[in-house]
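Residue-level listing of the chains:
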Amino acid sequence: MIVVVTASTGFAFLVGWELMTLVSAGLILMEGDSTERRHNVFIYLMMMHAGAAAVVASFFLFLPYSHSLDFASIRTASASMPAGIRTLIFLLAFVGFGTKAGIIPLHLWLPRAHPIAPSPVSALMSGVMLKTAVYGFVRFAFDFLGGGPSWSGYVVLLAGAVSGLLGVLYAIAEHDLKRLLAYHSVENIGIIYLGLGTSLVFLAHQAPVLAALALIAALLHTFNHALFKSLLFLGAGAISNATHTVDLEELGGLQRRMPVTGATFLIACCSIVGLPLFNGFISEWLTFRSFLAGSLLTNTKAQIVLPLMVGVLALIGGLAAACFVKVFGVAFLGRPHSKEAEHAEEAPLAMRAGMGLLAAACLWIGILPGFFLRPLASLAQVLVPGAGVPEETLSIARIIPWVAVFVLGVGGAAALLKHRRKMVRTWACGLPELSSRMQYTSTAFSKPIRFVFSTVYKPDRKVESLPADQPYFPATISYRSVRTTSYEKALYRPFVDLILSAAHQLRRMQTGNIQVYLLYIFLTLVSLLMFLRFQG
Amino acid sequence: MITAINFFQALIIILGAPLVRGIIAQFKARLQRRQGASIWRPYADLAKLFRKEDIVPPTASWVFRFAPIVLFGATVSVAAFVPVVQPSALLASRGDFFLLVYLLALGRFFLSLGALDGGSAFGGMGASREALVSSLAEAPFLLGLAAVAILAAHADIAGIVVWTLRQNVFNISGVHILAFISLAMVTVAETGRMPVDNPTTHLELTMIHEGMVLEYSGPSLALIEWASAVKLHAMLALLIALFDPWGMASSLSGLGIGAALLLYCAKAALFVIVLAVIESGMAKLRMYLVPDFLGVASALSALAVIFTVLAKR
Amino acid sequence: MGLVEIATGKVLSSFSVFLFLTILLLVVARRISTAILLFSAQSAIITAEVLATGFRERLAEAYVVGALVFLIKVVLIPRAFFRLVDRLKTPRDVKASTTPTQSVFIAAAMIYLSYAAVHSYGQSVRVPEDALAAAVALILTGAFLMVSRNKALMQMLGLLVLENGIYLAALTTTYGMPLVIEIGIFFDILIGLLLMGIFTFRIRDTFDHLDVSKLRRLRG
């Protein structure tokens, strides 16, 4: 991964890119393998390679103009390229990096790969690997191509909005903690793409300062996401070590058993939701402000679309808050839902220290953002020529500490007020004892939202009550609700069919006769020689 | 001097909040031809709760005790954003409306967690419903405020108020009408008032906010109740400041401030009476009609944003 | 004198906002009686616009037309409607096939669309853009109401809203039509309403309900 980021030529970049895919696939398989696991890794690899092909193609399209894959020469060459080629490069890069970043509908591998990967690997994949894709896209769109027509910005904006909304909606419906977090990666990539798209729109309308603002927002969110998502995955790892499950329905009451994990996890939850005083808020706030600044443009379309995105991001934020109330509330609070959760042990010291460090970083950026915004602002000035330091980055750095003083001061004063405290069991409406079965579960908690957005989920419900002859006095009721992913099937089926039929055609070439294989090699050699001869 | 007045403004909102509740309750009682309790009753309630002991379930963690404190801190900070008698406030000069909305979200997040920590079914039910209502209310809230902010070309609340003060009272713009309607709807949903949530019910089929606070008692409950009263008052004051700020003191003379304060009380009383009439005249919406209520608010606020452009041409 | 002129300008420039408001409320109205009242309010706004136009263009007959509009659309038609609802004894909800949220979003989109459609035209001719956009939006809303509401009564109301739109469009582009044409139009509306009323009764008597979505059974 480091190779990818430090590479200064296209070739090194591509090698690093491929290496990253293969190593991460190996890491996913580290914890044993089964048919299902191998199937999921296969999907992961296939989508990665399709994406990598697009990236390679977009690099090679530069070649006829730059004559080298050196980043510097690509940059100088891109200015003189025809518009059609630039469009093609942009689209290829968008699809290629989008696959790695997991924007919807190219996200299929994310919820499949994450649950089976070991938690530290998940943290690494979600925290760093997705970021390399964002890095690659920023490299292409801003550094190489230097922006584009305004529609390219709207395409990115649309991808961001769709990924953000669907990502968070799918996340709410999940109760497998790691898959839920994977869907939240989709959501956060969506927010990052919203920032990038806004920046591209501003760039197309010659508003460099605002473009820098949106770009800073996106980059800061990228960094923030790396922090809190790693923290969340480490927390999930600690939970799975302690209880051997990451199913939210089996957890509960962990806060009392694992106080440090719980506290750091809570900080991560607040951060990802974008609550003030935590780091997610700073980047979301900057994104909001750049949307609002869209009204300053003279183009009518941008004036309408960008401010409306405020509503989209607000909806994403609101749903994310609902989702993490559910995650933290069901996993850490209340009573344990299972024996394992009841006897959970706190994570080892090293892990606690790691999580504490990440949590401290989240709080630091959340309360004193100025320190991080300054280097980002100068970076944005490199990527967006002619941009000053956006005024918003300064104002947020100035106001947030005051708000923190206010909230903490009033809260502290309120905390000093209280004195006597008495432990009494929660009233159980006259029943002898409350049991954990009476608590809200994850599925129950998300039911209203799933009901309201049922057009998105297209649930497949089935209720069976036994015995069948007494419908009103059932002994057992079984209920099953599955989210159908109809659009995924509709989108991917043609591709899969096409590839399968192509594979069948190719099978005919594979006769099993070694001489035929030798013939293939010979023919390839001859045709290559002929190609050289006639080209020269 | 100005800081002192700003401090005074925040105190008006925080300390006057129980009174707003008391007046609503009294007025509703009158509409229903009851005597009703005194308008000072909420203060007596708070004092009583603060003297009592805090009852905590043995299964709860520190989050349960911590939640009311965060809620109170965040909500009181919101009160410091809203101008009352003159167009500035403690945090209003640089803090913009995004910060305000998300501070409310911070408080709500922790209250929902506290509800889930209680360990009973009611807390989960309240939190789950609150999650639905608040997640859908956030978009119209921000869009409505954004529409007004775009017109004023200021994102900070003080800037918007100053701009509005310079406009003609009779210059009705579509943006303001649409934004006002959607924000009023959001206020009703956010503060848990009548067509969305019934603040006086304890019936498990209907309660949202009351379900969340069911396990709280003593000083914790007092903080929560006070915070929700402050929230209601701050939202009312915000509506007044954004859509009807005329009469705010332009200079810092004692007379001007006094007159502005009186005028504010009159406007707030008017709002409170309208709220009471609406509450008495309407039945609570079925739970799954609330998304439609908020959907209408969202569409209105989106239209308000679109109108900011169409009106400029 | 000055006050009247200011009021006239105000009516012409900003009353379309209230028209938009009636549109938005119409599409979320859940009871027929609310919808009728909204139609009545809408017609009152249009009356005000007729009078304001007449005042500005110094047309004496505009006041006659204004009085006619007021009499027919604000008083007579709503009253006839209320009586119809009373006599038909049908459930009072409108039976919408879209949820309120969808309806309002569609209405918002239609308002935006009408602004976009009017924009190029409004620049070439001297007409108030807001009023013309409101007229187009009224036409679209009327059509939308007719399409999406299952009650026969609501389809009558949709037609009336649509007619309001056409009338407003004519008013804003021609600054008042000759009196004869106006009277002809009103006569048309009354006859149309009468016919529809009769048909509603026939439908109710034959099928015992007013749900037009169930008229599919008539197909042979």
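Basis of the calculations
- Residues numbered from 1 in each chain as written.
- Chains lettered and ligands numbered in written order.
- Predicted model: local features only at pLDDT ≥ 70, side-chain atom pairs only at ≥ 80, totals over all residues.
- Helix = DSSP H or I, 4+ residues; strand = E, 2+ residues; numbered from the N terminus.
- Rg over C-alpha atoms; globule rule 2.2 N^0.38 Å.
- Buried ≥ 20, exposed ≤ 12 C-beta atoms within 10 Å, placed from the backbone.
- Contact = placed C-beta atoms within 7 Å.
- Nonpolar A, V, L, I, M, F, W, Y, C, P; charged D, E, K, R; others polar.
- Pairing = 2+ DSSP bridges.
- Domains from an automatic or database assignment.
- Axes fitted to C-alpha atoms, helices over the stretch in contact; angles between N-to-C directions.
- Parallel < 35°, antiparallel > 145°, perpendicular 65-115°, else oblique.
- Left-handed = near helix turned anticlockwise from the far one by under 90°.
- Core = buried A, V, L, I, M, F, W, Y, C linked by C-beta atoms within 7 Å.
- Expected span 1.5 Å × (residues − 1).
- pLDDT = per-residue confidence, 0-100.

With that settled, the discussion passes to the overall build of chain A. Assigned secondary structure in chain A consists of 22 helices and three strands. Its C-alpha radius of gyration of 26 Å places chain A within 12% of the 24 Å reference for a compact globule of 536 residues. For chain A, with 536 residues in total, the buried portion stands at 50%. Considering only contacts in chain A between residues 6 or more positions apart, those separated by 24 or more positions represent 80%.

Quick look at the overall build of chain C now. On a plain count of helices and strands, chain C comes out with seven helices and zero strands. If you list the helices and strands of chain C from N to C, you get α-α-α-α-α-α-α. Counting across all 220 residues of chain C, residues that qualify as buried make up 38%.

Once that is clear, we can look at the environment of Q381(A). Inspection of the secondary structure assignment puts Q381(A) in helix 17 (residues 370-383). Separated by 169 residues in the primary sequence, Q381(A) and A212(A) have C-alpha atoms spaced 6.8 Å apart.

This part is about the interface of chain B and chain A. Taken residue by residue, the interface counts 64 residues in chain B and 65 residues in chain A. Listing elements by their share of the side of chain B that touches chain A, those giving two or more residues are strand 1 (54-56), helix 3 (62-79), helix 4 (97-117), helix 5 (121-152), helix 9 (218-243) and helix 11 (290-312) of chain B. Of the residues belonging to the side of chain B that touches chain A, the class tally is 42 nonpolar, 15 polar and seven charged. Both strand 1 (residues 421-423) of chain A and strand 1 of chain B contribute to a ladder of three bridges, which runs parallel. Across the sheet, K422(A) pairs through a bridge with I55(B), a residue of strand 1 of chain B.

All names here are of chain A. The domains assigned to chain A are domain 1 (1-146) and domain 2 (161-408 + 440-457). Placing the centre of domain 1 and that of domain 2 at their C-alpha centroids yields a distance of 23 Å. Contacts between the two partners involve 23 residues from domain 1, matched on the other side by 29 residues from domain 2. Among the secondary structure elements, those contributing two or more residues to the side of domain 1 that touches domain 2 are helix 6 (109-116) and helix 7 (119-144).

Contacts between the two partners involve 15 residues from chain C, matched on the other side by 13 residues from chain B. Going through the elements one at a time, helix 1 (2-28) and helix 4 (100-124) of chain C are the ones with two or more residues in the side of chain C that touches chain B. The element contributing the most residues to the side of chain C that touches chain B is helix 4 of chain C, with eight residues. Its residues assigned to classes, the side of chain C that touches chain B comprises twelve nonpolar, three polar and no charged.

Residues and elements named next belong to chain B. Contact pair helix 3 / helix 9: the axes reach a minimum separation of 9 Å and the direction vectors enclose 25°. Classified by the angle between their axes, helix 3 and helix 9 sit roughly parallel to one another. For the pair helix 3 and helix 9, the crossing hand works out as left-handed. Here helix 3 contributes R65, P68, I69, L71, F72, T75, V76, V78 and A79 to the contact with helix 9, which in turn contributes S220, L223, I224, W226, A227, V230, K231 and A234.

Attention shifts here to helix 6 of chain A. Residues and elements named next belong to chain A. Summarising burial for helix 6: seven of the eight residues are buried, a large majority. Listed in full, the buried residues belonging to helix 6 are W109, L110, P111, R112, A113, H114 and I116. Contacts made by the buried residues of helix 6 are with helix 2 (10-28), helix 3 (35-66), helix 7 and helix 9 (177-204).

One finds I216(A), F328(A), C362(A), I13(B) and V82(B) to be the most contacted residues of the largest nonpolar core, which totals 349 residues. Domain assignment of the residues forming this core places at least three in each of domain 1 (1-146) and domain 2 (161-408 + 440-457) of chain A. Among residues more than four places away in sequence, those in contact with I216(A) are L286(A), L373(A), L376(A), A377(A), A380(A), P390(A) and T393(A).

Contacts are most numerous, across the two pairs of chains in contact, for chains A and B. Chain C makes no contact with chain A, the minimum C-alpha separation between the two being 11 Å.

Attention now moves to helix 5 (residues 129-148) of chain C. Under the 1.5 Å per step criterion, the end-to-end length of helix 5 of chain C is 28 Å for 20 residues, consistent within 8% with the ideal 28 Å. Within helix 5 of chain C, 15 of the 20 residues are buried, which leaves the element mostly enclosed by the surrounding structure.

Our next topic: the confidence of the model for chain C. Of the residues in chain C, 88% reach a pLDDT of 70 or more, and the chain-wide mean stands at 79. For this predicted complex, the interface confidence score (ipTM) comes to 0.93, while the overall pTM stands at 0.88.

Before going further, it helps to examine unusual backbone geometry. Residues and elements named next belong to chain A. The phi dihedral of Q206 is positive, around 55°, even though this residue is not glycine. Residue position: Q206 is located in the loop between helix 9 and helix 10 (208-243). Residue Q206 is classed as exposed on the basis of its 12 C-beta neighbours within 10 Å. A positive phi angle, close to 80°, is found at L277, a residue other than glycine.

This part is about the packing of helix 8 (residues 150-173) of chain A against helix 14 (residues 300-332) of chain A. All names here are of chain A. Put simply, helix 8 and helix 14 touch, their axes get as near as 9 Å, and they point 20° apart. With respect to helix 14, the element helix 8 is oriented roughly parallel. In this structure, helix 8 crosses over helix 14, and the sense of that crossing is left-handed. Mapping the contact onto sequence places Y154, L157, A161, G164, L165, V168, L169, A171 and I172 in helix 8 and V305, M309, V312, L315, I316, L319, A320, A322 and C323 in helix 14. In terms of residue class, the contact of helix 8 with helix 14 is made up of 17 nonpolar, one polar and no charged.

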